[in-house]
Amino acid sequence: MAARDEILAALRRNAPAGPPHPALDGVAAAFPDLLAQFAQAVAAVGGTCLRVPDLAAADAALRALPIHAGARRVVSLVAGVGGATVDAAAVQDPHALADLDLSVLRADLAVAENGACWIEGPSLPHHALAVIPEHVAVVVDAAAVVPDLHAAYAALDLPGRPRWGLFLSGPSKTADIEQSLVIGAHGARSATVLLIG
Amino acid sequence: MSAPSDAAVAAGAGAPPPVHHPGGRQAGPYPGHPAAAARFTADVARAHWHDESLWFVRVKRDRAAAQLPAWERLRELAEQIKAHALANLAGYLEEFERNATARGATVHWARDAADHNRIVHELLSARGVTRVVKSKSMLTEECGLNPYLEARGVEVVDTDLGERIVQFRGEPPSHIVLPAIHIKKEEIGALFHEKLGTAAGASDPKYLTEAARGHLREKFLAAQAGITGVNFAVADTGAVVVCTNEGNADMGTALPPLHIACMGLEKLVPRAEDLGVFLRLLARSATGQPVTTYSTHFLGPKPGGELHLVLVDNGRSALLARDPFRRALSCIRCGACMNTCPVFRRSGGYSYGTTVPGPIGSVLGPAQGPGAHATLPFASTLCGSCADVCPVRIDLHHQLLAWRRELVAGGHAPAGKTLALRVTAWIFASPWRFAAAGRLARAALRLLPRGLVARLSGAWGRQRELPAPPAESFRDLYRRTHGRP
């Protein structure tokens, strides 16, 4: 570990004086209607937000969408929503998910300011389920919507979380060819958020 | 900067002669900013188009920033968190290592690019990996990882669409966030026709992106390892955060068992809660989005998989000792300073000859040894727009000015520029000489032929008319109306 010790010694030797870690105040976002703001943010990032009273209504709303009509291989991690045809828990190798049409995922938390939904490892058998399907649907409770990322990280307690987690905000996209926005780069071509309650 | 011997191996190993693409990187040694920029601006229409493309991104950034009432407070906090982290970097890196290790990741330390490349290659070769997918990482560009691995029989596929385009052309990215911003869609169409068999003459971005999606999907499924960069590493959690819009970092790490994440030492933030500040700033500053589509937090290896974190110094600990330039280590690589810079927009990313171009690259470049990069701090109008948009409030234009002083004092400026500055200083030091020089200049502008005046005024006069000389100086005017001061 010679390199490690050399680097750390150089950093200590060269360390400048610095301020204390600041209190993160004066930055909180506030919205008169949190859920309306969330729905608008999801739309702004290229997703669709459907507000439904309960899981049965979420299932009906999802089945009414064209993305469901054409979906043969479906993983659902939310019981009663989407009609799973593939049991993700039985899949050993994530490569077997390559031709997945639709994933229905559960988010524990969502952010009104940017439309992001927190999806994490323990509730997912495979990380690939969040990115490999043609389309993704995320089920989130209205009570789990927080105003901004500061509130999100406070609620998450990241140091206590295992494995991995991601904020998913809309469908996969790119603008690498002449700044023209194209939806569906490598990941899901559409992202539908089913907001319950 | 990179490992020259290995780069030479790669270039010499039967590599085809470099193809020059319009607006692309020129072959040969870097000639300094003025000469490289002159090549780019020779195509006036392309330079104008490039300028407008970047301004479009700058406007999107402005709109996004204006939507947050707390924008300036967020910038202030980001600046303070980074200053605090840099002042305590050794301790935070140890905390990060402890936490990441406890979560099952393996932490590696690299003194320089050669260490970094060797560590990554050893990880791959020990597992028999010959097919790698890589998401965007300016650090691996800085270290020259691709040619190093390719020379050792490893296929490295850059999976960000813009990066794949420039990789097909044999070029580095020309911009850290928009790697192919200098290339027109018709050129990408022709490139994809050749490489991916798309229809001849097709240039629709949607069609070309779809073709790249299919091509890269095959690469993702075949890869034995995924390499990513790191946007933020969190000391109190041992997590690394990777942000993309395409989902390529997620695709590249979700499938193969081995994930190698490479990061500069300065990517560290102390606490998970700090991410709220930086994620609100990053995408808004970069592209005007409220957040990237995928902001993925890697908190350890996947079940049955491996996560290796390579921490790279490569000059960073030395830069930490240098006031004022150490502040450049706060950079979160959003690219906002490039999009706003009047020089970058008109001269293109390749005119800087560095991995990171633009205003921030003009501060970082000379720190790695002046050489040809001594021209970079002069490639600025010092208008300060870069510092105004910087989400971590790096005082970029002050740093560029400080570099100019240092480079001129160290004899790294061209002889003509040094002489001109000496003569100007001599004139300005005496009121008499200053007044005499003014009289001389006004007379010269009136009497000398236009062509000669243009030549005497150097680069400035090449594309500009000099102003008509005033009939009298301010000094003369004052004396006439108020008497001798």
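Cut-offs and rules
Residues numbered from 1 in each chain as written. Chains lettered and ligands numbered in written order. Predicted model: local features only at pLDDT ≥ 70, side-chain atom pairs only at ≥ 80, totals over all residues. Heavy atoms only, no water. Helix = DSSP H or I, 4+ residues; strand = E, 2+ residues; numbered from the N terminus. Rg over C-alpha atoms; globule rule 2.2 N^0.38 Å. Buried < 20%, exposed > 50% of the residue type's maximum accessible area, 1.4 Å probe, protein only. Areas by Shrake-Rupley, 256 points an atom, 1.4 Å probe, with all protein chains shown as cover. Lys, Arg positive; Asp, Glu negative; His and termini not counted. Charge placed at Lys NZ, Arg CZ, Asp CG, Glu CD. Salt bridge = Lys/Arg side-chain N within 4 Å of Asp/Glu carboxyl O. Domains from an automatic or database assignment. Polar contact = N/O pair within 3.5 Å; in protein donor to acceptor, adjacent residues only side chain to side chain. Core = buried A, V, L, I, M, F, W, Y, C linked by side-chain atoms within 4.5 Å. Contact = heavy atoms within 4.5 Å. Pairing = 2+ DSSP bridges. Axes fitted to C-alpha atoms, helices over the stretch in contact; angles between N-to-C directions. Expected span 1.5 Å × (residues − 1). Phe/Tyr/Trp six-rings, centres within 6.5 Å; stacked < 30°, edge-to-face > 60°. Lys NZ or Arg CZ within 6 Å of the ring centre and 35° of its normal. Parallel < 35°, antiparallel > 145°, perpendicular 65-115°, else oblique. Nonpolar A, V, L, I, M, F, W, Y, C, P; charged D, E, K, R; others polar. pLDDT = per-residue confidence, 0-100. Buried area = accessible area lost by both parts, 1.4 Å probe. Patch = residues over 30% accessible without salt bridge, like charges linked within 9 Å, V, L, I, M, F, W, Y side chains within 5 Å.

Caption draft 1: Local environment of the overall build of chain B. From N to C terminus, chain B includes 23 helices and 10 strands. The C-alpha radius of gyration computed for chain B amounts to 25 Å, which stays within 12% of the reference 23 Å derived for 485 residues, consistent with globular compactness. Along the first, second and third principal axes, the C-alpha atoms of chain B reach 90 × 55 × 45 Å. Taken across its 485 residues, chain B has 56% of its residues classed as buried.

Caption draft 2: The overall build of chain A, seen in detail. Looking only at helices and strands, one finds five helices and 11 strands in chain A. In terms of overall dimensions, chain A has a C-alpha envelope of 65 × 45 × 40 Å along the principal axes. Looking at the 197 residues of chain A, the share that counts as buried comes to 57%. When the accessible surface of chain A is summed, it comes to about 7300 Å², and 56% of that surface belongs to carbon and sulfur atoms. The positive charge centre, built from 12 side chains, and the negative charge centre, built from 19, are 4 Å apart in chain A.

Caption draft 3: A look at the pattern of salt bridges. In the structure shown here, the tally under the stated rule is 45 salt bridges over all chains. Of the charged contacts in the structure, one is a salt bridge between E6(A) and R111(B), with a shortest N-O distance of 2.9 Å. Of this pair, E6(A) sits in helix α1 (residues 2-14) while R111(B) sits in the loop between β1 (106-110) and α6 (113-126), each in a different chain. For R73(B), the salt bridge identified is with D25(A), shortest N-O distance 2.4 Å. Of this pair, R73(B) sits in helix α4 (residues 71-87) while D25(A) sits in the loop between α1 and α2 (34-44), which puts the two residues in different chains. R73(B) gets classed as partly exposed once you look at its relative accessible area, which sits at 22%. For D25(A), a relative accessible area of 42% puts it in the partly exposed group. Each of E6(A), R111(B), D115(B), R118(B) and E122(B) takes part in one network of salt bridges that share partners.

Caption draft 4: Layout of the domain arrangement of chain B. Annotation of chain B at the domain level lists domain 1 (4-12 + 70-317) and domain 2 (430-482). Measuring from the centre of the C-alpha atoms in domain 1 of chain B to the corresponding centre in domain 2 of chain B gives 54 Å.

Caption draft 5: Spatial organisation of the side chain of S285(B). Inspection of the secondary structure puts S285(B) in helix α13 (residues 274-286). From its side chain, S285(B) meets the backbone oxygen of L281(B) in a polar contact 2.8 Å long.

Caption draft 6: Main features of the nonpolar core. Residues F96(B), L309(B) and I360(B) are the most contacted members of the largest nonpolar core, which totals 104 residues. Examining the composition of this core, we find that seven residues originate from one element, α13(B), more than from any other. Those residues in contact with L309(B) that lie beyond four places of it in its chain are F96(B), A100(B), A105(B), T106(B), V107(B), H108(B), V240(B) and A261(B). Residues V42(A), C49(A), V75(A) and V136(A) belong to the second largest nonpolar core, which totals 44 residues.

Caption draft 7: Expanded view of the sheet that holds strand β2 (residues 74-76) of chain A. Residue and element names in this part refer to chain A. The strand order across the open sheet built from five strands is β1-β11-β6-β3-β2, with neighbouring strands paired in parallel fashion. The sheet is open, and its two borders are formed by β1 (48-52) and β2, each paired with just one other strand. Sheet twist, expressed as the average angle between the axes of neighbouring strands with direction ignored, equals 15°. As paired elements, strand β3 (residues 102-106) and strand β6 (residues 135-141) share five bridges and run parallel to each other. Bridging across to β6, V104 finds its partner in A137. Sitting on the sheet, α2 touches β1 and β11 (190-196), and the angle it makes with β1 is about 145°. Where helix α3 (residues 55-63) meets the sheet, it contacts β1, β3, β6 and β11, and its direction lies at approximately 155° from that of β11.

Caption draft 8: Spotlight on α6(B). Here α6(B) contains 14 residues, and its C-alpha end-to-end distance of 20 Å stays within 8% of the 20 Å for a straight helix at 1.5 Å per residue. In the segment just after α6(B), G128(B) is the residue with positive phi, at about 70°.

Caption draft 9: Representation of the packing of aromatic side chains. All chains considered together, the criterion is met by eight aromatic pairs over all chains. Relative to F434(B), the ring of F428(B) has its centre 5.2 Å away and its plane inclined at 70°; by these criteria the two rings are edge-to-face. Its relative accessible area of 58% is what places F428(B) among the exposed residues. Members of the aromatic cluster, each reached through a chain of ring pairs, are W118(A), Y153(A) and F167(A). A cation over an aromatic ring shows up here: R152(B) above the ring of Y148(B), its NZ or CZ 3.6 Å from the ring centre. A cation over a ring is seen here: K184(B) above W49(B), with NZ or CZ 4.8 Å from the ring centre.

Caption draft 10: Spatial organisation of the packing of helix α9 (residues 161-168) of chain B against helix α10 (residues 185-196) of chain B. Residues and elements named next belong to chain B. The N-to-C vectors of α9 and α10 enclose an angle of 75°; their axes lie 11 Å apart at closest approach. Classified by the interaxial angle, the pair formed by α9 and α10 is roughly perpendicular. Across the interface between the two elements, L161, I165 and F168 from α9 touch I188, L191, F192, K195 and L196 from α10. By residue class, the composition of the contact of α9 with α10 is seven nonpolar, no polar and one charged.

Caption draft 11: The confidence of the model for chain B, seen in detail. In the predicted model, chain B carries a mean pLDDT of 92, and 95% of its residues have values of at least 70. Counted against residues more than four places away or in other chains, residues 1-18 of chain B, with its pLDDT under 50, gives 17 contacts.

Caption draft 12: Broad picture of unusual backbone geometry. With an omega of 5°, the peptide bond running from D323(B) to P324(B) counts as cis. If you trace the backbone, P324(B) turns up in the loop between α14 (316-320) and α15 (336-340). Of note, D157(A) is a non-glycine position whose phi angle comes to about 50°, a positive value. As for its placement among the helices and strands, D157(A) is situated in the loop between α5 (149-156) and β8 (164-168). Phi is positive for R333(B), close to 60°, though the residue is something other than glycine. In this structure, R333(B) sits in the loop between α14 and α15.

Caption draft 13: The interface of chain B and chain A, seen in detail. Counting residues at the interface gives 95 residues for chain B, matched by 72 residues for chain A. Note on chain B versus chain A: buried area summed over both sides is about 6800 Å², and carbon and sulfur give 62% of it. The interface formed by chain B and chain A holds eight salt bridges in total. A salt bridge links E210(B) to R189(A); the nearest nitrogen and oxygen atoms lie 2.8 Å apart.

Caption draft 14: A look at a nonpolar patch on the surface. Residues and elements named next belong to chain B. Residues L448, L452 and L456 make up a contiguous nonpolar surface patch of about 260 Å² in total accessible area. Mapped onto the fold, L456 is located in helix α22 (residues 450-456). Among the residues examined, L456 registers a relative accessible area of 64% and is labelled exposed.

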